[in-house]
Amino acid sequence: MTTMQQHSTKNSANTPLLGVNIDHVATLRQARGVSYPSPVAAALLCEQAGADGITIHLREDRRHIQDADVYEIAEKITTRLNLEIAATAEMLAIACEVKPYWVCLVPEKRAELTTEGGLDIAEQTAYLTEYINELHAAGIKVSLFVDPDETQIQAAIDCHADAIEIHTGAYAEAGLAEDVTAQNAELQRIQQAAATAQRLDDKLLINAGHGLTRDNVNAIAQIDGIYELNIGHALIADAVFMGLEQAVKQMKAAMRK
Ligand code: PXP
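Residues numbered from 1 in each chain as written. Predicted model: local features only at pLDDT ≥ 70, side-chain atom pairs only at ≥ 80, totals over all residues. Heavy atoms only, no water.

Student: Sorry if this is basic, but what is going on with the overall build of the protein chain here?
Tutor: The helix and strand tally for the protein chain stands at twelve helices and eight strands. Computed over C-alpha atoms, the radius of gyration of the protein chain comes to 17 Å, within 12% of the 18 Å expected from 2.2 N^0.38 for 257 residues, which places it in the range of a compact globule. Summarising its shape, the C-alpha atoms of the protein chain cover approximately 45 × 40 × 40 Å along the three principal directions. A total of 257 residues make up the protein chain; the buried ones form 52% of that total. The long-range fraction of contacts in the protein chain, counting pairs at least 24 apart against all pairs at least 6 apart in sequence, stands at 68%. (Helix = DSSP H or I, 4+ residues; strand = E, 2+ residues; numbered from the N terminus. Rg over C-alpha atoms; globule rule 2.2 N^0.38 Å. Buried < 20%, exposed > 50% of the residue type's maximum accessible area, 1.4 Å probe, protein only. Contact = heavy atoms within 4.5 Å.)

In C-alpha coordinates:
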(Lines give C-alpha, C1' and ligand atoms only; values in the text may rest on other atoms or scores of the structure.)
Protein backbone atom coordinates (compact mmCIF):
# COMPACT_ATOMS: atom_id res chain seq x y z
CA MET A 1 0.00 0.00 0.00
CA THR A 2 1.44 3.40 -0.89
CA THR A 3 1.53 6.34 1.47
CA MET A 4 -1.15 8.12 -0.53
CA GLN A 5 -3.43 5.08 -0.44
CA GLN A 6 -2.99 4.91 3.31
CA HIS A 7 -4.12 8.54 3.63
CA SER A 8 -7.33 7.58 1.83
CA THR A 9 -8.18 5.07 4.61
CA LYS A 10 -8.96 8.03 6.86
CA ASN A 11 -12.71 8.14 7.29
CA SER A 12 -14.88 10.79 5.68
CA ALA A 13 -15.25 12.83 8.87
CA ASN A 14 -11.44 13.12 8.84
CA THR A 15 -11.15 11.52 12.27
CA PRO A 16 -7.76 9.91 12.90
CA LEU A 17 -7.47 6.14 12.98
CA LEU A 18 -7.35 4.45 16.40
CA GLY A 19 -4.52 2.06 17.20
CA VAL A 20 -5.21 0.27 20.48
CA ASN A 21 -2.19 -0.52 22.60
CA ILE A 22 -2.92 -3.74 24.50
CA ASP A 23 0.30 -3.93 26.55
CA HIS A 24 -1.61 -3.59 29.80
CA VAL A 25 -3.69 -6.68 29.17
CA ALA A 26 -0.34 -8.47 29.28
CA THR A 27 0.66 -6.46 32.38
CA LEU A 28 -2.33 -7.94 34.22
CA ARG A 29 -1.41 -11.45 33.09
CA GLN A 30 2.26 -11.04 34.07
CA ALA A 31 1.26 -9.78 37.54
CA ARG A 32 0.28 -13.38 38.35
CA GLY A 33 2.41 -15.28 35.86
CA VAL A 34 -0.66 -17.10 34.52
CA SER A 35 -2.10 -17.48 31.02
CA TYR A 36 -4.99 -15.00 31.33
CA PRO A 37 -6.13 -12.46 30.30
CA SER A 38 -5.01 -13.19 26.75
CA PRO A 39 -3.57 -10.22 24.78
CA VAL A 40 -4.42 -12.11 21.58
CA ALA A 41 -8.11 -12.35 22.53
CA ALA A 42 -8.02 -8.67 23.52
CA ALA A 43 -6.53 -7.70 20.15
CA LEU A 44 -9.27 -9.57 18.27
CA LEU A 45 -12.01 -8.02 20.42
CA CYS A 46 -10.58 -4.52 19.86
CA GLU A 47 -10.65 -5.12 16.12
CA GLN A 48 -14.27 -6.29 16.27
CA ALA A 49 -15.14 -3.14 18.22
CA GLY A 50 -13.65 -0.93 15.51
CA ALA A 51 -9.96 -0.50 16.30
CA ASP A 52 -8.03 0.33 13.13
CA GLY A 53 -4.83 -1.27 14.34
CA ILE A 54 -3.16 -3.03 17.27
CA THR A 55 -0.06 -1.68 18.98
CA ILE A 56 2.25 -3.69 21.24
CA HIS A 57 5.58 -2.81 22.81
CA LEU A 58 8.05 -5.67 23.17
CA ARG A 59 10.28 -4.25 25.88
CA GLU A 60 13.80 -5.49 26.42
CA ASP A 61 12.85 -6.56 29.97
CA ARG A 62 9.67 -8.33 28.69
CA ARG A 63 7.67 -6.80 31.53
CA HIS A 64 4.35 -7.19 29.70
CA ILE A 65 4.24 -8.40 26.07
CA GLN A 66 6.20 -11.64 25.55
CA ASP A 67 7.82 -12.86 22.33
CA ALA A 68 5.13 -15.51 21.80
CA ASP A 69 2.43 -12.79 22.01
CA VAL A 70 4.09 -10.86 19.20
CA TYR A 71 4.11 -13.85 16.84
CA GLU A 72 0.55 -14.91 17.66
CA ILE A 73 -0.93 -11.41 17.42
CA ALA A 74 0.89 -10.81 14.11
CA GLU A 75 -0.57 -14.03 12.75
CA LYS A 76 -4.15 -13.58 13.96
CA ILE A 77 -5.10 -9.93 13.62
CA THR A 78 -6.66 -8.66 10.42
CA THR A 79 -5.89 -4.95 10.85
CA ARG A 80 -2.34 -3.60 11.05
CA LEU A 81 0.21 -4.44 13.71
CA ASN A 82 2.34 -1.60 15.04
CA LEU A 83 5.29 -3.10 16.92
CA GLU A 84 7.04 -0.67 19.27
CA ILE A 85 10.66 -1.51 19.93
CA ALA A 86 13.93 0.04 21.07
CA ALA A 87 16.42 0.32 18.19
CA THR A 88 18.57 -2.64 19.26
CA ALA A 89 20.01 -5.54 17.24
CA GLU A 90 17.86 -8.06 19.16
CA MET A 91 14.64 -6.20 18.31
CA LEU A 92 15.65 -5.70 14.67
CA ALA A 93 16.01 -9.47 14.25
CA ILE A 94 12.59 -10.10 15.81
CA ALA A 95 10.89 -7.38 13.74
CA CYS A 96 12.40 -8.67 10.49
CA GLU A 97 11.07 -12.14 11.29
CA VAL A 98 7.59 -11.02 12.40
CA LYS A 99 7.23 -8.37 9.67
CA PRO A 100 4.61 -6.13 11.33
CA TYR A 101 3.02 -3.50 9.10
CA TRP A 102 4.61 -0.77 11.24
CA VAL A 103 7.58 -0.63 13.57
CA CYS A 104 7.63 2.36 15.91
CA LEU A 105 11.07 3.05 17.35
CA VAL A 106 10.98 4.32 20.93
CA PRO A 107 13.62 5.14 23.53
CA GLU A 108 13.67 2.66 26.39
CA LYS A 109 15.05 2.85 29.92
CA ARG A 110 14.80 -0.10 32.26
CA ALA A 111 13.75 1.90 35.31
CA GLU A 112 10.96 3.87 33.62
CA LEU A 113 7.29 3.11 34.29
CA THR A 114 6.45 3.95 30.67
CA THR A 115 8.16 5.58 27.68
CA GLU A 116 9.23 8.94 29.11
CA GLY A 117 10.24 11.03 26.14
CA GLY A 118 10.73 11.02 22.39
CA LEU A 119 13.75 9.54 20.63
CA ASP A 120 16.80 11.77 20.29
CA ILE A 121 16.93 11.22 16.54
CA ALA A 122 19.22 14.16 15.80
CA GLU A 123 21.88 12.55 18.02
CA GLN A 124 21.90 9.22 16.17
CA THR A 125 20.85 10.03 12.60
CA ALA A 126 23.44 7.77 10.94
CA TYR A 127 22.61 4.79 13.18
CA LEU A 128 18.84 5.22 12.75
CA THR A 129 19.11 5.69 8.97
CA GLU A 130 20.88 2.34 8.72
CA TYR A 131 18.40 0.71 11.14
CA ILE A 132 15.41 2.05 9.17
CA ASN A 133 17.00 0.85 5.91
CA GLU A 134 17.08 -2.68 7.29
CA LEU A 135 13.41 -2.50 8.30
CA HIS A 136 12.47 -1.08 4.89
CA ALA A 137 14.39 -3.92 3.23
CA ALA A 138 12.14 -6.34 5.15
CA GLY A 139 9.06 -4.49 3.83
CA ILE A 140 8.22 -2.79 7.14
CA LYS A 141 7.11 0.84 7.46
CA VAL A 142 8.81 2.83 10.20
CA SER A 143 7.53 5.44 12.60
CA LEU A 144 9.69 7.38 15.09
CA PHE A 145 8.38 8.50 18.49
CA VAL A 146 9.33 12.18 18.79
CA ASP A 147 8.81 15.13 21.07
CA PRO A 148 7.00 18.03 19.36
CA ASP A 149 10.28 19.62 18.27
CA GLU A 150 11.28 20.81 14.78
CA THR A 151 14.91 19.61 14.99
CA GLN A 152 13.78 16.08 15.84
CA ILE A 153 11.10 16.10 13.14
CA GLN A 154 13.64 17.19 10.52
CA ALA A 155 15.98 14.45 11.75
CA ALA A 156 13.18 11.87 11.35
CA ILE A 157 12.72 13.00 7.75
CA ASP A 158 16.49 12.84 7.18
CA CYS A 159 16.44 9.20 8.39
CA HIS A 160 13.69 8.37 5.83
CA ALA A 161 11.04 7.54 8.42
CA ASP A 162 7.56 6.96 6.95
CA ALA A 163 5.84 8.49 9.97
CA ILE A 164 6.43 10.28 13.23
CA GLU A 165 4.44 9.70 16.38
CA ILE A 166 4.26 12.92 18.39
CA HIS A 167 4.64 12.35 22.14
CA THR A 168 1.54 13.75 23.87
CA GLY A 169 2.69 12.85 27.41
CA ALA A 170 3.43 16.42 28.56
CA TYR A 171 -0.01 17.55 27.31
CA ALA A 172 -1.67 14.68 29.20
CA GLU A 173 0.31 15.30 32.39
CA ALA A 174 -0.55 19.00 32.43
CA GLY A 175 -4.22 17.99 32.18
CA LEU A 176 -3.91 15.58 35.11
CA ALA A 177 -2.28 18.36 37.14
CA GLU A 178 -5.25 20.58 36.17
CA ASP A 179 -2.81 23.18 34.83
CA VAL A 180 -4.88 24.63 31.99
CA THR A 181 -2.21 27.13 30.91
CA ALA A 182 0.45 24.44 30.62
CA GLN A 183 -1.94 22.08 28.86
CA ASN A 184 -2.85 24.74 26.28
CA ALA A 185 0.84 25.49 25.74
CA GLU A 186 1.54 21.78 25.18
CA LEU A 187 -1.43 21.53 22.81
CA GLN A 188 -0.01 24.44 20.82
CA ARG A 189 3.40 22.75 20.64
CA ILE A 190 1.77 19.62 19.24
CA GLN A 191 -0.31 21.64 16.74
CA GLN A 192 2.82 23.49 15.63
CA ALA A 193 4.79 20.24 15.35
CA ALA A 194 2.08 18.72 13.14
CA ALA A 195 2.05 21.83 10.93
CA THR A 196 5.85 21.82 10.74
CA ALA A 197 5.93 18.15 9.78
CA GLN A 198 3.43 18.77 6.96
CA ARG A 199 5.44 21.76 5.74
CA LEU A 200 8.75 19.88 5.81
CA ASP A 201 7.50 16.70 4.12
CA ASP A 202 3.94 16.29 2.88
CA LYS A 203 4.35 12.50 2.57
CA LEU A 204 5.31 11.98 6.21
CA LEU A 205 2.42 10.48 8.20
CA ILE A 206 1.77 12.12 11.56
CA ASN A 207 0.62 9.98 14.47
CA ALA A 208 0.35 10.92 18.13
CA GLY A 209 0.02 9.16 21.43
CA HIS A 210 0.82 8.73 25.10
CA GLY A 211 -1.43 9.52 28.03
CA LEU A 212 -4.50 10.09 25.86
CA THR A 213 -7.88 9.53 27.51
CA ARG A 214 -11.55 9.96 26.60
CA ASP A 215 -11.35 13.37 28.30
CA ASN A 216 -8.27 14.80 26.59
CA VAL A 217 -8.24 13.05 23.20
CA ASN A 218 -10.57 15.29 21.24
CA ALA A 219 -8.29 18.33 20.98
CA ILE A 220 -5.50 16.10 19.66
CA ALA A 221 -7.82 14.27 17.24
CA GLN A 222 -8.89 17.61 15.77
CA ILE A 223 -5.36 18.69 14.85
CA ASP A 224 -5.00 19.04 11.11
CA GLY A 225 -2.96 16.26 9.52
CA ILE A 226 -3.06 13.72 12.37
CA TYR A 227 -3.31 10.26 10.82
CA GLU A 228 -3.53 7.86 13.78
CA LEU A 229 -3.66 7.95 17.57
CA ASN A 230 -2.19 5.13 19.64
CA ILE A 231 -3.95 4.73 22.95
CA GLY A 232 -3.41 2.10 25.63
CA HIS A 233 -3.43 2.67 29.37
CA ALA A 234 -6.57 4.79 29.73
CA LEU A 235 -8.52 2.62 27.29
CA ILE A 236 -7.65 -0.59 29.14
CA ALA A 237 -8.52 1.19 32.42
CA ASP A 238 -11.93 2.12 30.92
CA ALA A 239 -12.39 -1.54 29.99
CA VAL A 240 -12.29 -2.51 33.67
CA PHE A 241 -15.57 -0.67 34.14
CA MET A 242 -17.28 -0.88 30.74
CA GLY A 243 -15.68 -3.81 28.93
CA LEU A 244 -13.16 -3.66 26.11
CA GLU A 245 -15.70 -3.38 23.31
CA GLN A 246 -17.37 -0.31 24.85
CA ALA A 247 -13.99 1.19 25.75
CA VAL A 248 -12.90 1.07 22.10
CA LYS A 249 -16.25 2.40 20.86
CA GLN A 250 -16.33 5.24 23.36
CA MET A 251 -12.73 6.24 22.60
CA LYS A 252 -13.60 6.41 18.91
CA ALA A 253 -16.67 8.50 19.74
CA ALA A 254 -14.57 10.85 21.90
CA MET A 255 -12.16 11.32 18.98
CA ARG A 256 -15.04 12.31 16.68
CA LYS A 257 -16.94 14.79 18.83
N1 PXP B 1 2.75 5.50 21.75
C2 PXP B 1 3.96 5.09 22.19
C3 PXP B 1 5.14 5.25 21.29
C4 PXP B 1 4.11 4.49 23.46
O5 PXP B 1 5.32 4.07 23.88
C6 PXP B 1 2.96 4.30 24.26
C7 PXP B 1 3.07 3.62 25.59
O8 PXP B 1 3.46 2.30 25.39
C9 PXP B 1 1.73 4.73 23.75
C10 PXP B 1 1.65 5.34 22.51
C11 PXP B 1 0.45 4.55 24.50
O12 PXP B 1 0.48 5.32 25.65
P13 PXP B 1 -0.67 5.14 26.72
O14 PXP B 1 -0.56 3.73 27.23
O15 PXP B 1 -0.32 6.17 27.76
O16 PXP B 1 -1.97 5.40 26.04
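Once you've had a look at it, read on.
Student: How do you make sense of the pairing of strand S6 (residues 163-167) when you look at a structure like this?
Tutor: When you tally the buried positions in S6, you get five out of five residues, the bulk of the element. Side chains Ala-163, Glu-165 and His-167 of S6 all project onto a buried face; the interleaved residues Ile-164 and Ile-166 project onto the opposite face, where all are buried too. Judged from the four bridges that link them, strand S5 (residues 141-146) and S6 form a sheet pairing that is parallel. Within S6, the residue paired with Ser-143 across the bridge is Ala-163. On the question of chirality, the crossover connecting S5 to the parallel S6 by way of helix H7 (residues 150-158) is right-handed. Bridge analysis of S6 against strand S7 (residues 205-209) gives five bridges, and the strand direction is parallel. From the neighbouring strand, Glu-165 faces S7, where its bridge partner is Asn-207. (Pairing = 2+ DSSP bridges. Right-handed = clockwise from strand over helix to strand, strands pointing away.)

Student: Where do I start with the nonpolar core in this structure?
Tutor: Here is a general trend for soluble globular proteins: nonpolar side chains tend to be buried in one another's company. In this structure, Ile-22, Leu-105, Leu-144, Leu-229 and Leu-235 are the most contacted members of the largest nonpolar core, which totals 74 residues. Of all the elements, helix H12 (residues 244-256) adds the most residues to this core, at six residues. Setting aside its immediate chain neighbours within four residues, Leu-235 contacts Leu-18, Val-20, Leu-244, Ala-247, Val-248 and Met-251. Formed by five residues, the second largest nonpolar core is a distinct cluster that contains Leu-17, Trp-102, Ala-163 and Leu-205. (Core = buried A, V, L, I, M, F, W, Y, C linked by side-chain atoms within 4.5 Å.)

Student: Can you help me understand helix H2 (residues 23-32) in this one?
Tutor: Residues that lie three or four places apart on an α-helix share one face, since the helix turns once every 3.6 residues. All of the buried residues in H2 are Asp-23, Val-25, Ala-26 and Arg-29. Projection of H2 onto a plane perpendicular to its axis shows the buried side chains occupying an angular sector of 155°, all on one side. Turned more than 90 degrees off the buried face of H2, the exposed positions are Leu-28, Ala-31 and Arg-32. Against strand S1 (17-21), helix H3 (39-48), strand S2 (53-57), helix H4 (67-76) and helix H11 (233-242) lie the buried residues of H2. Downstream of H2 by a residue or two, Gly-33 has a phi angle that is positive, lying close to 65°. (Arc of directions from axis to C-beta.)

Student: Hey, could you run me through the sheet that holds strand S4 (residues 102-105) in this one?
Tutor: Think of a sheet as strands paired side by side through backbone hydrogen bonds, with each pair either parallel or antiparallel. Ordered in space as S1-S2-S3-S4-S5-S6-S7-S8, the eight strands form a closed barrel in which the pairing is parallel. Averaged over all pairs of adjacent strands, the angle between strand axes in this sheet comes to 25°, irrespective of strand direction. By the bridge criterion, four bridges tie strand S3 (residues 80-85) to S4 in an arrangement that is parallel. Looking across to S4, one finds that Glu-84 is bridged to Cys-104. (Axes fitted to C-alpha atoms, helices over the stretch in contact; angles between N-to-C directions.)

Student: Help me understand the side chain of Asn-216 in this model?
Tutor: Among the secondary structure elements, Asn-216 is positioned in the loop between S7 and helix H10 (217-221). At 2.7 Å, the side chain of Asn-216 and the backbone nitrogen of Thr-213 are in polar contact. Excluding residues within four positions of it along the chain, Asn-216 makes contact with Tyr-171, Ala-172, Gln-183 and Gly-211. (Polar contact = N/O pair within 3.5 Å; in protein donor to acceptor, adjacent residues only side chain to side chain.)

Student: Looking at this structure, how should I read the packing of H7 against helix H9 (residues 180-200)?
Tutor: For any two helices packed against each other, one specifies the inter-axial angle together with the distance between the axes. Interaxial distance between H7 and H9 falls to 10 Å at its minimum, and their mutual angle equals 35°. Considering how the two elements wind past one another, H7 and H9 form a crossing that is right-handed. Where H7 abuts H9, its residues Glu-150, Ile-153, Gln-154 and Ile-157 lie against Ala-193, Thr-196, Ala-197, Arg-199 and Leu-200. A breakdown of the residues in the contact of H7 with H9 according to their chemical character gives five nonpolar, two polar and two charged. (Left-handed = near helix turned anticlockwise from the far one by under 90°. Nonpolar A, V, L, I, M, F, W, Y, C, P; charged D, E, K, R; others polar.)

Student: Is there a simple way to think about the pattern of salt bridges in this case?
Tutor: Pairing is possible between side chains that carry opposite charge, provided their charged atoms lie close to one another. Inspection of the entire model under this criterion finds eleven salt bridges. When the shortest N-O distance is used, the salt bridge between Lys-76 and Glu-72 registers 2.8 Å. Note that Lys-76 and Glu-72 are positioned in helix H4 at a spacing of four residues, about one turn of the helix. When its relative accessible area of 39% is taken as the criterion, Lys-76 is described as partly exposed. Note that Glu-245 is salt-bridged to Lys-249, the shortest N-O span being 3.0 Å. In this pair, Glu-245 and Lys-249 both sit in helix H12, four residues apart, roughly one turn of the helix. Each of Arg-59, Asp-61 and Arg-63 takes part in a single network of salt bridges with overlapping partners. (Salt bridge = Lys/Arg side-chain N within 4 Å of Asp/Glu carboxyl O.)

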